[in-house]
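Each chain, letter by letter, is given below.
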Amino acid sequence: MSSIENEIAAARRVLHEAMELQSAGNLAAAAPRYRMVIEQGYRVTEVRPILAGILAQLDAVEEAMEQWNALLAVEPDHAVAHHEMALILNRLGQTDEAIVSMEHACRTDPENPVAANNLAVMLSNAGRKREALREFQRALDLQPENVHVRHQLRRLGAEQVPFWHVPMMNDVRRNDAFEAAIKAAIATVGSDAQVLDIGTGSGLLSMMAARAGAESVVACEIVPIIADMAQKIVADNGYADQITIFAQPSTELQVGVELPAKADILVSEILSSDLLTEAVLDTFEDAHARLLKPDAIIIPRAASAIGCLVESDVLAGYSFVDQVSGFNVSRFGAFAAQKLPIHGTMTDWRRLSKDVELVRVDLTQRRHESDLHILSIPVLEDGMATGIVQWMHVDLAEGVTFDNHPDGYSDGGWLQVLHSFPQPIQVRAGQVLDLAVGHDRATLVVQPLEVVAGSAAIRAA
Ligand SMILES: C[S@@+](CC[C@H](N)C(=O)[O-])C[C@H]1O[C@@H](n2cnc3c(N)ncnc32)[C@H](O)[C@@H]1O
């Protein structure tokens, strides 16, 4: 035998020993033998991945990385090396590098559902949800029967899209009101009207505008995965030529860039159950200042928060706390929810006053100041007032309104909201309860004046 043949025979023997030790579970003893095989230059590209894998299992991650890097130096597109490196980097908390490596693995082995799934998980953990969703979808396309991937895909989508989108879309009364206002606006301005839809969600209002004849609708949506979905829905419905969707907040739109010209019609349904929390005033002001013609039609043109004084044992249980198991924990009441979404028709509550307007915002106005005023509410019934149950009234166009009055509305996109008092207030029929109400541009303010130990600013009527 030549000396080369001897060396090969020796390396083969060591490799055989290493494999036996590995299959017996003795990784610590197998690793040095694999190392020797590599040093002898025998079947290096096959042995390195085995050794790197063992080293990772033995927590010798640095050496494992060295082995993978050495392999990549000769085979730059080795998918397994990129994949395994990514897993190690991820374990070490080097998320960005891990993602780059896993992306490389996916590029070099695009049919591998495990790599797609692992990349999706890393992207999701890094907060890159839109890309994560795309990768989960790719993993599912590669492996449609994989229940785990299907679950992750649904979980991630639902996690980023507030639950109220679907009941809101199913709210026929709301949809019809918007469509009536949109049709009237297009009929007034004409089909060459430039329409702007701020917060397009599924693309619904944009499609209504296009169906009403609008030739150019620009829509924007701040949540990228919702914008992606709207794009598909608009295309499914045959309106892709008329509607252009941008995955960005309205405040980043520019006339002459995304919006061909200042808009003739603004349609925007970004009202939250408590009216203002979706930055409504900032958004409308910005649109007036930059994106709309001075005489643009605004849909909706105004919105009000309406409410009434209520007594409710159920809601008191959410709003106040006092003696618990013989302990005085009343201080914790300071942290009780100041406002609580409720189902008006499902929650047990009793009205103690007539309906009163708390706040009204005129959305055709170019500027809004915060507002605080005293509202005197005549009490109609004796009771222990828990707070104010509030809902909305939306004025969309001449003769077109919509509200979610709790007596007749449930399971739409909007809930009613309890604005709880800091403490329950004993009230009697015939008295007047003075509240400070208004808004700070972003939230509604509803505060009883000077509440002191169960009594507030209550006067005889
Ligand atoms: C209540 S949903 C309405 C969706 C759709 N317009 C409809 O009526 O069915 C409001 C949407 O507006 C988006 N949004 C809120 N403010 C926005 C803004 N300033 N720019 C872009 N999108 C916004 C939210 O992410 C949400 O998807």
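Residues numbered from 1 in each chain as written. Predicted model: local features only at pLDDT ≥ 70, side-chain atom pairs only at ≥ 80, totals over all residues. Heavy atoms only, no water.

Caption draft 1: Fine view of unusual backbone geometry. At the junction of Ile299 and Pro300, the peptide bond is cis and its omega measures out at 0° in the coordinates. Position of Pro300 relative to the elements: it lies in the loop between strand E5 (292–299) and strand E6 (302–311). Phi at Leu275 is positive, roughly 80°, even though this residue is not glycine. With respect to the helices and strands, Leu275 occurs in the loop between strand E4 (263–268) and helix H14 (280–291). The class of Leu275 is buried, set by a relative accessible area of 0%. (Helix = DSSP H or I, 4+ residues; strand = E, 2+ residues; numbered from the N terminus. Buried < 20%, exposed > 50% of the residue type's maximum accessible area, 1.4 Å probe, protein only.)

Caption draft 2: Summary view of the pairing of E5. One ladder, built from four bridges, connects E4 with E5; its direction is parallel. Looking at the pairing, Leu266 lines up with Ile298 of E5. Taken together, E4, H14 and E5 form a β-α-β motif whose crossover is right-handed. (Pairing = 2+ DSSP bridges. Right-handed = clockwise from strand over helix to strand, strands pointing away.)

Caption draft 3: Examining the nonpolar core more closely. Core analysis: the biggest nonpolar cluster contains 75 residues, and Leu196, Leu275, Ile299, Leu309 and Leu396 have the highest contact counts within it. In this structure, this core is formed jointly by two domains, domain 2 (165–299) and domain 3 (302–460), each of which donates at least three residues. With sequence-adjacent residues up to four places away left out, Ile299 is seen in contact with Phe178, Ala181, Ile182, Ala185, Ile265, Leu266, Val267, Ser268 and Leu396. If you look at the next biggest cluster of nonpolar residues, it comprises 49 residues, including Val14, Ile38, Leu71 and Leu133. (Core = buried A, V, L, I, M, F, W, Y, C linked by side-chain atoms within 4.5 Å. Domains from an automatic or database assignment. Contact = heavy atoms within 4.5 Å.)

Caption draft 4: Quick peek at the packing of helix H2 (residues 27–39) against helix H3 (residues 44–57). Orientation of H2 relative to H3, taken along the N-to-C sense of each, is 150°, at an axis distance of 9 Å. As the angle between them shows, H2 and H3 are arranged roughly antiparallel. In the packing of H2 onto H3, the handedness of the crossing is left-handed. Mapping the contact onto sequence places Leu27, Ala30, Ala31, Tyr34, Arg35, Val37 and Ile38 in H2 and Val44, Val47, Arg48, Ile50, Leu51, Ile54, Leu55 and Gln57 in H3. Looking at the contact of H2 with H3 residue by residue, the classes come out as 12 nonpolar, one polar and two charged. (Axes fitted to C-alpha atoms, helices over the stretch in contact; angles between N-to-C directions. Parallel < 35°, antiparallel > 145°, perpendicular 65-115°, else oblique. Left-handed = near helix turned anticlockwise from the far one by under 90°. Nonpolar A, V, L, I, M, F, W, Y, C, P; charged D, E, K, R; others polar.)

Caption draft 5: Spotlight on the pairing of strand E2 (residues 216–220). Of all five residues that make up E2, four are buried, and the element is covered over most of its length. Both strand E1 (residues 194–198) and E2 contribute to a ladder of five bridges, which runs parallel. Looking at E2, one finds that Val195 is bridged to Val217. Sheet topology note: the E2/strand E3 (residues 243–246) ladder contains four bridges and is parallel. What sits directly across from Ala219, in E3, is Ile245. Taken together, E2, helix H13 (residues 224–236) and E3 constitute a β-α-β crossover, and its handedness is right-handed.

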